[in-house]
Amino acid sequence: MRKAGLSLLVILVLLMTLSLTFLLPSGAITEDAQDYYDELLMDEEEYEGFGASVRPKPIAVLASAVFSDILPSSLVDPLPIDRTVPGNTPIAENFTENGYRDESIIVELDKQRMYDSDVYIAYIKVATPSQLRTAIAGSKLSSDRTNLPTAMASNYNAVVAINGDFYSMVATGYITRMGESGREKPSKTMDLLWIDELGDFHIIPNGADGQKTAMKEFLSKHELINGFAFGPGLVVDGKKQELRENSWDHAVYTEPRAGIGQLDTLTYVLVVVNGRESSTEGVSIEQFADIMYQLGCKQAYNLDGGNSATLVFNGEIFNTKSADERKVQDIIYFASAADGE
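Residue indices begin from 1 for each chain and proceed along its sequence in written order. For a predicted model such as this one, the threshold for reporting local features is a pLDDT of at least 70, and the threshold for listing and counting side-chain atom pairs is 80 or more; totals across whole chains, interfaces and linings nevertheless cover every residue. Water and hydrogen atoms play no part in the side-chain values, which are based on all heavy atoms of the structure.

We now examine the nonpolar core. Core analysis: the biggest nonpolar cluster contains 48 residues, and Val107, Ile124, Val160, Trp194, Leu270 and Phe334 have the highest contact counts within it. We call two residues in contact when some of their heavy atoms are within 4.5 Å. Each residue touching Val160, except ones within four places of it in the same chain, is listed here: Val107, Ala122, Ile124, Leu270, Leu311, Val312, Phe313, Ile332, Tyr333 and Phe334. Take the buried Ala, Val, Leu, Ile, Met, Phe, Trp, Tyr and Cys residues and link them wherever side-chain atoms come within 4.5 Å; each set so joined is a nonpolar core. Think of it in three bands: with a 1.4 Å probe and only protein chains considered, a residue is buried below 20% of the maximum accessible area for its type, exposed above 50%, and partly exposed in between.

Printed below as a string of structure tokens:
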């Protein structure tokens, strides 16, 4: 009888863990998550002049702490590492105004006011690295074809997506999409982002010789699944990056920005800052780095900005802006791996 009772208790605990998605209301966090959040809060002096709106919210910083208990990757089959293959069709009724959840992916949306600008944020937790995916407008990586981000997101069943690096605009970088290499050329001036087979980010500072050495070391341990050439790196190994002397000229101006960050294992953030409007100025690269740092990124990377900066959720633009949607060359997206049948 005692063994039977113990077995029943174990089953109940497992059921409670797996049902955490439904037990936790939006914005609720566990006790461990709250403790972690409290540790991350900076001293009040560090926020003087910015206002309370720039402080990270528990649901923002603690996505991994809450999500880690409800997405056992062993129960989800990975998607093919093939850029021509879309994600599984998401479950339409699982979309809400502020997010999406199924057994393989959780997306939480947020909007904040920072640096006199509207900041649009998507927090994502996936069950497998294969759900972090990329797509291009053309049929080949050598193509310079473009398409609307919303159209590409819909074509590839993206739950949430952001514009990529518009890689044809530059001649360097280890440009790779879903394991397919299109260019292998180090850059003297651009930081690079490499995403490995585990879904982990590696930001490589500019410098041709250093990038050659870094790639050799990287390939001795990992497989390059997606490689980008834009930047600069905003947060590297948990440290906010300062603007370097050889950064692009546009880095010091307030502009619309787009970026991607890794918060923790299989936990990410997509961020777009609207700009070039009277109500939302946009941010400099240093300000954008500060935003990504405040959101808790361990690694964060700047993507193509300006009117390219577009965050798409459920097939529609989330960062509402006055300018028309611009066609881009590529997107980064997160897909469901749930079996909808």
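There is more to say after this.
Stacked, tilted and edge-to-face are the three classes assigned to paired rings of Phe, Tyr and Trp, where Trp is represented by its six-membered ring and a pair needs centres within 6.5 Å; plane angles under 30 degrees give stacked, over 60 edge-to-face, the rest tilted. Considering all chains together, one arrives at eight aromatic pairs under this definition. Between Tyr268 and Phe334, the aromatic rings sit 5.3 Å apart at their centres with planes inclined by 40°, giving tilted as the arrangement. Separated by 66 residues along the polypeptide, Tyr268 in strand β15 (residues 267-273) and Phe334 in strand β19 (residues 330-335) bring together distant segments of the chain. For Phe334, a relative accessible area of 0% corresponds to the buried category. Three or more aromatic residues link up through ring pairs in this structure, and these residues are Phe95, Tyr100 and Phe313. Strands here mean DSSP runs of E at least two residues long; helices mean DSSP runs of H or I at least four residues long; both are numbered from the N terminus.

This part is about unusual backbone geometry. Outside of glycine, negative phi angles account for most residues, and trans bonds account for most peptide bonds. Residues Gly231 and Pro232 are joined by a peptide bond in cis, for which omega reads 10°. The residue Pro232 is located in the loop between β11 (224-229) and β12 (233-236) in this model. Phi is positive for Asp237, close to 55°, though the residue is something other than glycine. Along the polypeptide, Asp237 turns up in the loop between β12 and β13 (239-240). According to the relative accessible area criterion, Asp237 is exposed, its value standing at 59%. Although it is not a glycine, Asn314 sits at a positive phi angle of roughly 55°. Checked against the element boundaries, Asn314 lands in the loop between β17 (311-313) and β18 (316-317). Judged by relative accessible area, Asn314 falls into the partly exposed class, the value being 41%.

With that out of the way, let us pick up the side chain of Gln211. Looking at the secondary structure, you find Gln211 in helix α7 (residues 208-219). Its relative accessible area of 0% is what places Gln211 among the buried residues. Setting aside anything within four residues of it in sequence, one finds Gln211 in contact with Tyr174, Pro186, Ser187, Met190, Asp191, Leu192, Trp194, Ile204, Pro205 and Asn206.

What counts as a salt bridge is simple: a side-chain nitrogen of Lys or Arg found within 4 Å of a carboxyl oxygen of Asp or Glu. Within this structure, the stated rule accounts for nine salt bridges. Residue Asp118 pairs with Arg113 through a salt bridge whose shortest N-O separation is 2.9 Å. A residue is classified by how much of its surface remains accessible, and Arg113, at 36% relative accessible area, is partly exposed. In this structure, Asp330 and Arg177 form a salt bridge, with 3.0 Å as the shortest nitrogen-oxygen distance. Of the two residues, Asp330 sits in strand β19 while Arg177 sits in strand β7 (residues 173-177), which places them 153 residues apart along the sequence. Accessibility classification places Asp330 together with Arg177 in one group, the buried group. What emerges from the salt-bridge pattern is a single network uniting Asp165, Arg177 and Asp330.

To continue, consider the confidence of the model for the protein chain. The pLDDT value expresses, per residue, how confident the predictor is, ranging between 0 and 100. With 76% of its residues at a pLDDT of at least 70, the protein chain reaches an overall mean of 84. Contacts for the low-pLDDT stretch residues 1-34, under 50 throughout, to residues beyond four places or in other chains number 23 contacts. In the model, residues 40-66 has pLDDT below 50 throughout and makes 52 contacts with residues more than four positions away in sequence or in other chains.

Among the secondary structure elements, Ala214 is positioned in helix α7. Measuring from C-alpha to C-alpha, the distance between Ala214 and Pro186 comes to 10.0 Å, with 28 residues separating the pair along the chain. Not counting chain neighbours up to four residues away, the residues in contact with Ala214 comprise Trp194 and Ile204.

Glancing now at helix α8 (residues 285-294). Most of α8 sits inside the fold, with seven of its ten residues counted as buried. Downstream of α8 by one or two residues, Gly296 has phi in the positive range, about 95°.

On to the sheet that holds strand β3 (residues 105-114). In spatial order, the strands read β1-β2-β3-β4-β15-β14-β16-β12-β13; together these nine strands make up an open sheet with antiparallel pairing. Both outer strands of the open sheet, β1 (95-96) and β13, are each paired with one neighbouring strand and no more. At least two bridges found by DSSP between two strands is the condition for calling them paired.

By secondary structure assignment, the location of Asp339 is in the segment after β19. The exposure class assigned to Asp339 is exposed, which follows from its relative accessible area of 56%.

With twelve residues, α7 should cover 16 Å at 1.5 Å per step; its first-to-last C-alpha distance of 17 Å lies within 8% of that length. Here α7 has its buried residues at Ala208, Gln211, Ala214, Met215 and Phe218. For α7, the arc enclosing every buried residue in end-on projection is 120°, short of the 170-degree limit, so these residues lie on one face. Structural note: α7 exposes Asp209, Thr213 and Lys216 on the side pointing more than 90 degrees away from its buried face. Contacts from the buried residues of α7 go to β7, β9 (192-196), β10 (201-204) and β11. Multiplying one less than the number of residues by 1.5 Å gives the expected span of a helix. Arc, as used here, means the arc of the directions from the helix axis to the C-beta atoms.

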